Amino acid sequence: QVQLVESGGGSVQPGGSLRLSCATSATIFTFNSMGWYRQAPGKQRELVAQITPASITNYSDSVKGRFTISRDNAKNTMYLQMNSLKPEDTAVYYCNAIRRSLTTTQNYWGQGTQVTVSS
């Protein structure tokens, strides 16, 4: 059973920074892709950033230039560095990992961590 555990959420003022971590119970290279999603109250969950085993990254337009996704293979941990935070970044942030085989696609999710940006 794969487990993903997020940490690092909290409350911060606009313009501040936070760093989220996602620790996995599985070897990180076994995932075809990992990413961060977020869900604000009353809104659908949306992709924030993705990273492949080759460290190819993809960002949503709303966070491009402010957020940085990275991974530490030795620690089996993924990170999201969030700078210049805005009130609209307020949401529950979820870690996601995808593992594909020839016949199945498995999606794994963390429990979520709250990020609140407010003055």
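Right, let's walk through the structure included here. (Residues numbered from 1 in each chain as written. Predicted model: local features only at pLDDT ≥ 70, side-chain atom pairs only at ≥ 80, totals over all residues. Heavy atoms only, no water.)

Thoughts on the nonpolar core
Part 1 of the argument: Counting 29 residues, the largest nonpolar core has M34, W36, L80, M82 and Y93 as the members making the most contacts within it.
Part 2 of the argument: Of all the secondary structure elements, the ones that give two or more residues to this core are β3 (18–24), β4 (33–39), β5 (46–51), β7 (67–72), β8 (77–82), β9 (91–100) and β11 (113–117).
Part 3 of the argument: Once residues lying within four places of it in the same chain are set aside, the contact partners of M34 are C22, T24, I28, A49, Q50, I51, I69, M78, C95, N96 and A97. (Core = buried A, V, L, I, M, F, W, Y, C linked by side-chain atoms within 4.5 Å. Buried < 20%, exposed > 50% of the residue type's maximum accessible area, 1.4 Å probe, protein only. Helix = DSSP H or I, 4+ residues; strand = E, 2+ residues; numbered from the N terminus. Contact = heavy atoms within 4.5 Å.)

Description of the state of the cysteines
Here, disulfide denotes a covalent bond that connects the sulfur atoms of two cysteines.
Part 1 of the argument: Inspection of every chain in the model, using the stated rule, returns one disulfide.
Part 2 of the argument: Between the sulfur atoms of C22 and its disulfide mate C95 the distance is 1.9 Å. The sign of the -65° torsion about the S-S bond sets the C22-C95 disulfide as left-handed. A residue pair is termed long-range when its members are at least 10 positions apart, and C22 in strand β3 and C95 in strand β9 qualify at 73 residues. Grouping residues by exposure puts C22 and C95 together as buried. (Disulfide = S-S within 2.5 Å.)

Quick word on the environment of Q3
Part 1 of the argument: Assignment of secondary structure puts Q3 in the segment before β1 (4–7).
Part 2 of the argument: Setting aside residues up to four positions removed in sequence, Q3 forms contacts with A23, T24 and S25.

Quick notes on the side chain of T113
Part 1 of the argument: Structurally, T113 is set in strand β11.
Part 2 of the argument: From its side chain, T113 meets the backbone nitrogen of G9 in a polar contact 3.3 Å long.
Part 3 of the argument: Apart from residues no more than four positions distant in its own chain, T113 is found in contact with E6, G9, L20, A91, V92 and Y93. (Polar contact = N/O pair within 3.5 Å; in protein donor to acceptor, adjacent residues only side chain to side chain.)

Re the sheet that holds β3
Part 1 of the argument: Sheet architecture is open: four strands sit in the order β1-β3-β8-β7, paired in antiparallel fashion. Lying at the two open borders of the sheet, with one neighbouring strand each, are β1 and β7. Recorded for the sheet is a direction-independent mean angle of 15° between the axes of neighbouring strands.
Part 2 of the argument: Pairing between β3 and β8: six bridges, direction antiparallel. By the bridge assignment for β8, C22 is matched with M78. (Pairing = 2+ DSSP bridges. Axes fitted to C-alpha atoms, helices over the stretch in contact; angles between N-to-C directions.)

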